[in-house]
Amino acid sequence: MEVKGFSEEIPIEGRSGSLLKWVKIGIGILFTLFILGLSAIGGVFYYFSQDLPSLDSAGTYAPSQATRIYSDENKVVGQYFIEKRVFVPFNQIPKHMIQAILAVEDARFYDHKGFDPIRIIRAFLKNLESGQIRQGASTITQQVTRALFLTPERTVQRKIKELILSRKMELMLTKDQILEIYLNQIYFGHGAYGIQVASKTYFGKNVSDITLEESAFLAGLPKAPNNYSPYRNPEKAKLRQRVVLKRMAVEGYITSTEYREAYDNNLTFQKLHSGEASAAYFKEYVRQYLISRYGHDLVYKGGLEVYTTLNEEMQQMAETAMKEGLRKLDKRQGYRGPVRIYQPEEENNNALFEVKKDLQLGNILEARVLSRTKAYAVVEAEGNIGKILLEDMTWAARQLKGHDIREDRTLIEDPKPTDILKPDDIIQVEVRQLGRQATLRLPPQEDPHKGTPEPELLFRLEQEPIVEGAFIALDPATGVVRAIVGGYDFKRSEYNRAIMAKRQPGSVFKPIIYGTAIERGFTPASILIDNPVIFTDDETMKVWKPENYEKKFYGPTTLRDALTHSRNLATVKLLRKIGIRNVVSYAQKIGIESPLTRDLSLALGSSGISLLELTSAFGVYANEGVRVEPAVILSVKDKHGRILESRDLSPKRVLTKETAYVVTNILEDVIQRGTAKRARVIGRPIAGKTGTTNEYTDAWFVGYTPNLSAGVWVGFDDNRSLGYREAGGRAALPIWVEFMEEALALLPVVPFSIPDDIVYAKINPATGYLSEEGESGEMEIFVKGTEPKHEKKALSSATDFFRVDQESGAF
């Protein structure tokens, strides 16, 4: 046989047999690889399924619960939470809301088994084509498992766990249950978790009431809540809404006509609120206490029920009185100029969304000055054009160009709007009168036959005060705190000046000194000498020469008049007589916990004390000498209704009824003829005391009726002066009066109770002795057994008084 090497032909049967052999080998290899791949995948899934979190809680989904704060009428006034969420059942969510979510988030939700292989492949190809991750493949089920059971980290391990858990969840729950969890769990921006809170946040309505176009907007938010916010990016938000509507049309949920109509309809959004502004200081004080006692997690996730002493009506009265009082004071200090100057880029030409801009009387808002005349200025505020009349801006003739009210203030003589405002000034205004819009040109002549024209829209020039204040009101019989205001604006400063600030009280401390004197045998008729006195420190050789507010001396004066008219020199001498240690002890037992200065400057209120301490201490006088610890919380319950704490009312008598009444009776005179005469307008039994510190740094008023004690402090945080003659009676008292006039209308008129051991006698106010028969005098009150005797020897001059005073050792 001839051998032709490699050129020899191979029979066909041999070739086909060999090919078949290799095909079989290839198939075997592929099958082996497939089995190995499945085994590897199974092994990976088995490995990662070993430490997966339990899904047991998914079947009884209950999001972290907020702690709720209740007022004294058991009304919810606040909540503490990490995620603001209100659960809403699936059957209360509109069909078009569900369809909008499905269309844009997971169109095959009711078809897949937890994860969607088709969607995964499509997203993979899309991302491969673009060279970057532009499309996700997570189903709604995957998003739920990620939110409830996994961390947000983007790793292969987390993704594998997510797929496993999603499949398990689909076996445990129905599709509707999973969708219910999703709609209650996801974040919609601006602090809104869940569809119900989102509906309230953006549209001010329950989710059951939202329209198709509103549903499409909400459904577009979860992908990027901040990016699609209508308040930050209105154009992007509108485009996102269009994407959702288009997807709904593609999926057959809506018709093309419904798509166009929904897109063409403008959306009206709620104004965003930065938080629950009302009672913010009160609620923050409660929050700090709860966290200190129960811990952060229980307060923010545990669903506590906290019942407080807050009276909503009184709280609102207090906040209004404080804001108005500080604004009036701030105007007296001077106009600091516009908030800023208008810049063209502030113009918002977008008309796709409309934010509510309804004006109400008393609203404070920013406005842009458009033009001026000699009689008024035309301004635009939130789309409304109105006028500021000259009379509503003349206060700004006092121009303040720096911090020092005495050195940096100038006065414009015969001011006109053109002297005060400039075009494009951004200023603060208050809505003074609602009416027709103003025009930029002179209005046409009114037709006298058309009747009375509609009033114009008028504003009043305002500015935000930089001065601060504090207010507190409590029931002296129970100690429950009804209202707390810790500053002008909680958003500006969370520092609670009513509780935390320790400021010098000035003369508002004097009732504590005079109370000590009454307790130690002095009477309202006791004679004090109000004359000059000089003290020298033996160590530093510093000289202290106290003086009266009026820069005058009044000589012999009764104890009643010394307190009524707030005589400083008489008070210093009284403190020296009764002893500093006794005053400190007395102050502590009626509720003053702050450390007190152990020198004679204590007579003038030199020691820092909180407003809460003073208001509570004055409440002891109002409550006939009984001390009740102030409280803001009545009880705390856990989410199961178990009581964790409840307030134990433990009144303690610290003064005799007689001592408390004598002090109250003198403080009633402070109102009737002393430094707080402005409070007489209230027209019911009240007692109180003003206080002012050096250089008008602090202004105080603390006063009470038998059923309500309230205190006001006004000042700057940096201790600068409030301005000339801005004493307690001018800066603080009007705030107190405005509050009490309204608050006392909620309470019955109650007179101060006169104890049995209080007696009356006619005295000679010049001597403090009982009046002689036939001699004119004044009726005075005394604790039984402390009445003065008849004068045995007439004293005819102030010199005699001073001589006797020195001889007896009294000051």
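Below is a short write-up of the structure.

Rules and cut-offs
- Residues numbered from 1 in each chain as written.
- Predicted model: local features only at pLDDT ≥ 70, side-chain atom pairs only at ≥ 80, totals over all residues.
- Heavy atoms only, no water.
- Helix = DSSP H or I, 4+ residues; strand = E, 2+ residues; numbered from the N terminus.
- Buried < 20%, exposed > 50% of the residue type's maximum accessible area, 1.4 Å probe, protein only.
- Contact = heavy atoms within 4.5 Å.
- Phe/Tyr/Trp six-rings, centres within 6.5 Å; stacked < 30°, edge-to-face > 60°.
- Axes fitted to C-alpha atoms, helices over the stretch in contact; angles between N-to-C directions.
- Parallel < 35°, antiparallel > 145°, perpendicular 65-115°, else oblique.
- Left-handed = near helix turned anticlockwise from the far one by under 90°.
- Nonpolar A, V, L, I, M, F, W, Y, C, P; charged D, E, K, R; others polar.
- Polar contact = N/O pair within 3.5 Å; in protein donor to acceptor, adjacent residues only side chain to side chain.
- Salt bridge = Lys/Arg side-chain N within 4 Å of Asp/Glu carboxyl O.

1. Considerations on the overall build of the protein chain
A tally of regular secondary structure across the protein chain gives 22 helices and 30 strands. Split into buried and exposed, the 811 residues of the protein chain put 49% on the buried side. A separation threshold of at least 6 residues defines the contact pool for the protein chain, and within that pool the share at least 24 residues apart is 70%.

2. Some thoughts on the packing of aromatic side chains
Throughout the structure, instances matching the rule amount to 20 aromatic pairs. When the ring of Phe 109 is compared with that of Tyr 110, the centres are 5.1 Å apart and the planes differ by 80°; the resulting orientation is edge-to-face. Residue classification places Phe 109 among the buried positions, given a relative accessible area of 0%. In this structure Tyr 110 comes out as partly exposed when scored by relative accessible area, which is 42%.

3. Digging into the packing of helix H15 (residues 510-519) against helix H20 (residues 657-673)
At a closest axis distance of 9 Å, the pairing of H15 and H20 adopts a crossing angle of 135°. The angle between H15 and H20 falls in the class oblique. Classified by chirality, the crossing of H20 by H15 is right-handed. In this structure, H15 contributes Pro 511, Gly 515, Ile 518 and Glu 519 to the contact, and H20 contributes Thr 659, Val 662, Val 663 and Leu 667. In terms of residue class, the contact of H15 with H20 is made up of five nonpolar, two polar and one charged.

4. Topic: the side chain of Glu 170
One can find Glu 170 in helix H5 (residues 156-172). Engagement of the side chain of Glu 170 in a polar contact is seen with the side chain of Thr 141, the distance being 2.7 Å. Looking at Glu 170, its side chain comes within polar contact range of the side chain of Lys 175, at 2.8 Å. When sequence neighbours within four positions are dropped, the list of residues in contact with Glu 170 reads His 112, Lys 113, Gly 114, Thr 141, Lys 175 and Ile 178.

5. Side note on helix H2 (residues 95-105)
Helical periodicity: at 3.6 residues per turn, an α-helix aligns residues three or four positions apart in one direction. Within H2, nine of the eleven residues are buried, leaving the element largely enclosed by the surrounding structure. Along H2, the positions that sit buried rather than exposed are Met 97, Ile 98, Gln 99, Ala 100, Ile 101, Leu 102, Ala 103, Val 104 and Glu 105.

6. A word on the pattern of salt bridges
According to the stated counting rule, one finds 40 salt bridges in the structure shown. A salt bridge links Asp 72 to Arg 482, with the shortest nitrogen-to-oxygen separation between them at 3.3 Å. In this pair, Asp 72 is assigned in the loop between strand S1 (67-70) and strand S2 (76-80) and Arg 482 in strand S17 (residues 481-485), connecting sequence segments 410 residues apart. The class for Asp 72 is partly exposed, based on a relative accessible area of 27%. One salt bridge in this structure joins Glu 550 and Arg 567, with 3.3 Å as the shortest N-O distance. Of this pair, Glu 550 sits in the loop between strand S20 (543-544) and strand S21 (555-558) while Arg 567 is found in the loop between helix H16 (559-564) and helix H17 (568-578), placing the two residues 17 residues apart along the sequence. Assessed through its relative accessible area of 32%, Glu 550 is described here as partly exposed. When its relative accessible area of 10% is taken as the criterion, Arg 567 is described as buried. Shared partners join several salt bridges into a network, and the residues in it are Glu 391, Asp 392, Glu 430, Arg 432 and Arg 460.

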